[in-house]
Every structure is written in structure tokens, then in C-alpha cells.
Amino acid sequence: MALLELDGVSACYGKVEAIKGLTLRVGEGEIVTLLGANGAGKSTTLRTVSGLIKSSSGDIRFGQSSLADLSAEAIVRLGVAHVPEGRRVFPGLSVFENIALGSSNRKTTRAERALEVRRMFEVFPEIEPFANALGWTLSGGQQQMVAIARGLMARPRLLLLDEPSLGLAPMVVQQVYRVISDIRRQGTTVLLVEQNAHMALSVADRGYVLETGRLVIEGRPEELWSNDEVRLAYLGGRKT
Ligand SMILES: Nc1ncnc2c1ncn2[C@@H]1O[C@H](COP(=O)(O)OP(=O)(O)OP(=O)(O)O)[C@@H](O)[C@H]1O
Ligand SMILES: [Mg+2]
């Protein structure tokens, strides 16, 4: 069953149409990746799903709901969490507070929140020692973990992840991807945007390749890799 379906969705910034009639689906429990060069429309697609920008045409369905007319807050409440590009931690809040904020879409007590943040530290043990440190004092990789932990605190049915590996050391990228696999194992559906096609396709069930706002091809990882034209043009050229 499709959890998320985009049907002919377009979205603009002023006069610039950044995505053009995009049709895609994400099944319940899948990891689906959106690939493509700079400016292809990957982040715009995630922003349109999470309601940060409004589609100019087409329909977006999440389960039984149409998202096109809902506010970003209403979409979060339905169970969609968006971890945007760049490490968006609140620099003046502690790591603990940054993560706890992710649960603001649900009614929780202070004690429940504290317990849930502790559980996030089990997922990301590297950031536990910094629980009381201010956001800005963390390294880029640590901030990325805080941002993902905050997204998970929403207990989303669908997690939108925008370039989780950007600028991270290879070891940290491995770690973040291990967490993405774990998240799915626990039943969360993931729509993953990446420029690192190799990493993304190593965990994804299916991938979509975008070019200047349009869908070029869709397929399973092995199908995308085995298509010489696609591999050379969009996936960084190498086979592995
Ligand atoms: N805030 C904005 N205002 C105006 N144009 C924008 C804005 N954000 C993106 N665009 C334009 O929309 C198009 C798609 O951008 P988008 O950020 O979705 O691409 P992307 O695939 O995420 O690229 P990248 O890999 O560089 O993050 C680009 O042409 C970009 O210049
Ligand atoms: Mg982007």
C-alpha cells in the first residue's frame, strides 16, 4: 500500500518552477531515495510534502489524507517529520532541549520527554556526552545526529531526510546510514534525498532520479546501477 503518493505535483519559487508534474509513490515500510544533481528539485519535493511550500498543481496523498491544503503543522501532526538540508540545530539550546523539541507535535509530560531523549542517546551514543552542551559547540556530524534524533522524536510514520551524509566523514556516514536502516526496521517509512547515490542506493528499496524538476527514471537500486546511461549521467559514473 502506498503511504505517500504524489500525482503530477508542481511547485514554484516565484516564477521558477522547481518541480514539474512529479508523480511518485512511497510504500508503507519502504526506503525510497530521490537522486539528482544540484538544483534538480530534491529538497523542493520534500518541502512540498511537508507543507513548507505549497504545490501549484497536482495532488499529494498521505494515507487517507490529501496534504495539498494542509499547514505544515497539520502535516507534522499526521506523522510526517522533515529533517531539512544543513544541520539545523538551535545554537543557543542544549542538545537535550534540541532533541526534546521534536516531540512538540504530541502531548507528552516532561518525564516522558526525558525518557524518550535518553532512548535517542541509545541510538546515537556519540552525542550523549554533550546532552547539556549548547548546539553550536557540536561538530557537523554531531549536529546532524541531533537533527535526525529530533525528527525521530516526532514518532513519524514518514521521515523525510535531506542529505544526511553531506559533509560528514566516511565513518560518520556509515553510522548515520546504519541508523536509517534501523529506523526502517522499526517500521518507519523513509524518503531519503541524497547526492551520494552509492550510499543511498545501498539502503533504499527503490530510487527516483530527477533532472531539472522532472523525473528521469525510477527503479530498484540494481536496475539503476546497471543502466549505463543513468549511472554515468546521474549516479557519479562508478559501478560501486
Ligand atoms: N528559496 C528559493 N528561492 C528561489 N529558488 C529556489 C529556492 N530554493 C530552490 N530554488 C530553485 O529551485 C530549483 C530546485 O532546487 P532544490 O533546492 O529543490 O534542488 P536540490 O535538488 O535539492 O539541489 P541540491 O542538491 O543542490 O540541494 C533550483 O533551480 C533552485 O535554484
Ligand atoms: Mg537540496
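One can find the structure itself at the top, above this paragraph.
Notes on the structure follow. This structure is a prediction, so every number in the text was calculated from the model and none was measured. (Residues numbered from 1 in each chain as written. Chains lettered and ligands numbered in written order. Predicted model: local features only at pLDDT ≥ 70, side-chain atom pairs only at ≥ 80, totals over all residues. Heavy atoms only, no water.)

## Structural notes on the coordination of the magnesium ion (ligand 2)
Looking at the magnesium ion (ligand 2), the protein donor atoms are Ser43 (OG) and Glu85 (OE), and they sit 2.0 to 2.4 Å from it. Of this pair, serine 43 sits in helix H1 (residues 42–50) while glutamate 85 sits in the loop between strand E6 (80–83) and helix H3 (95–100), and the two are 42 residues apart along the sequence. Using a relative accessible area of 10% as the deciding quantity, one classes serine 43 as buried. (Donors = N, O, S within 2.8 Å, 3.2 Å for Na, K, Ca; no water. Helix = DSSP H or I, 4+ residues; strand = E, 2+ residues; numbered from the N terminus. Buried < 20%, exposed > 50% of the residue type's maximum accessible area, 1.4 Å probe, protein only.)

## Examining the sheet that holds strand E4 (residues 57–62)
Reading across the sheet, the four strands line up as E2-E1-E4-E5 and stay open at both edges, with antiparallel pairing between neighbours. What marks the edges here is a single partner per strand, and that holds for strand E2 (16–27) and strand E5 (65–66). By the bridge criterion, two bridges tie E4 to E5 in an arrangement that is antiparallel. What sits directly across from arginine 61, in E5, is serine 66. On top of the sheet, H1 reaches strand E1 (2–13), E2 and E4; it is set at about 110 degrees to E1, its chief contact. (Pairing = 2+ DSSP bridges. Contact = heavy atoms within 4.5 Å. Axes fitted to C-alpha atoms, helices over the stretch in contact; angles between N-to-C directions.)

## Quick word on empty space enclosed by the protein
Over the atoms rolls a probe the size of a water molecule, and its path tells where empty space is left. Evaluated as defined, the whole model comprises one cavity of 30 Å³ or more. Looking at the largest cavity, the residues that line it are Thr48, Ile53, Lys54, Ser55, Ile60, Leu67 and Ala68. Among the residues forming the lining of the largest cavity, the class breakdown is four nonpolar, two polar and one charged. (1 Å grid on protein atoms, 1.4 Å probe; cavity = no way out; pocket = protein on both sides within 12 Å on 5 of 7 lines; lining within 4 Å. Points joined across faces, edges and corners; volume = space filled by probe spheres on them. Nonpolar A, V, L, I, M, F, W, Y, C, P; charged D, E, K, R; others polar.)

## Examining the site of ligand 1
Not every one of the 14 residues close to ligand 1 is listed here, only the nearest: Lys42, Ser43, Thr44, Glu85 and Gln195. A distance of 2.7 Å is found between an oxygen atom of ligand 1 and a side-chain nitrogen or oxygen belonging to lysine 42. In the environment of ligand 1, an oxygen atom lies 2.7 Å from a nitrogen or oxygen atom belonging to the side chain of glutamine 195. When the free accessible area of ligand 1 is taken as 630 Å², the share hidden by the protein chains comes to 63%. Of all the elements, H1 adds the most residues to the shell around ligand 1, at four residues. The residue inventory of the shell around ligand 1, partitioned by class, reads four nonpolar, six polar and four charged. (Near = heavy atom within 4 Å. Polar contact = N/O pair within 3.5 Å; in protein donor to acceptor, adjacent residues only side chain to side chain. Areas by Shrake-Rupley, 256 points an atom, 1.4 Å probe, with all protein chains shown as cover.)

## Some remarks on the environment of methionine 153
Assignment of secondary structure puts methionine 153 in helix H5 (residues 140–153). Excluding residues within four positions of it along the chain, methionine 153 makes contact with Ile99, Ala100, Gly102, Ser103, Arg106, Arg113, Glu116, Val117 and Met120.

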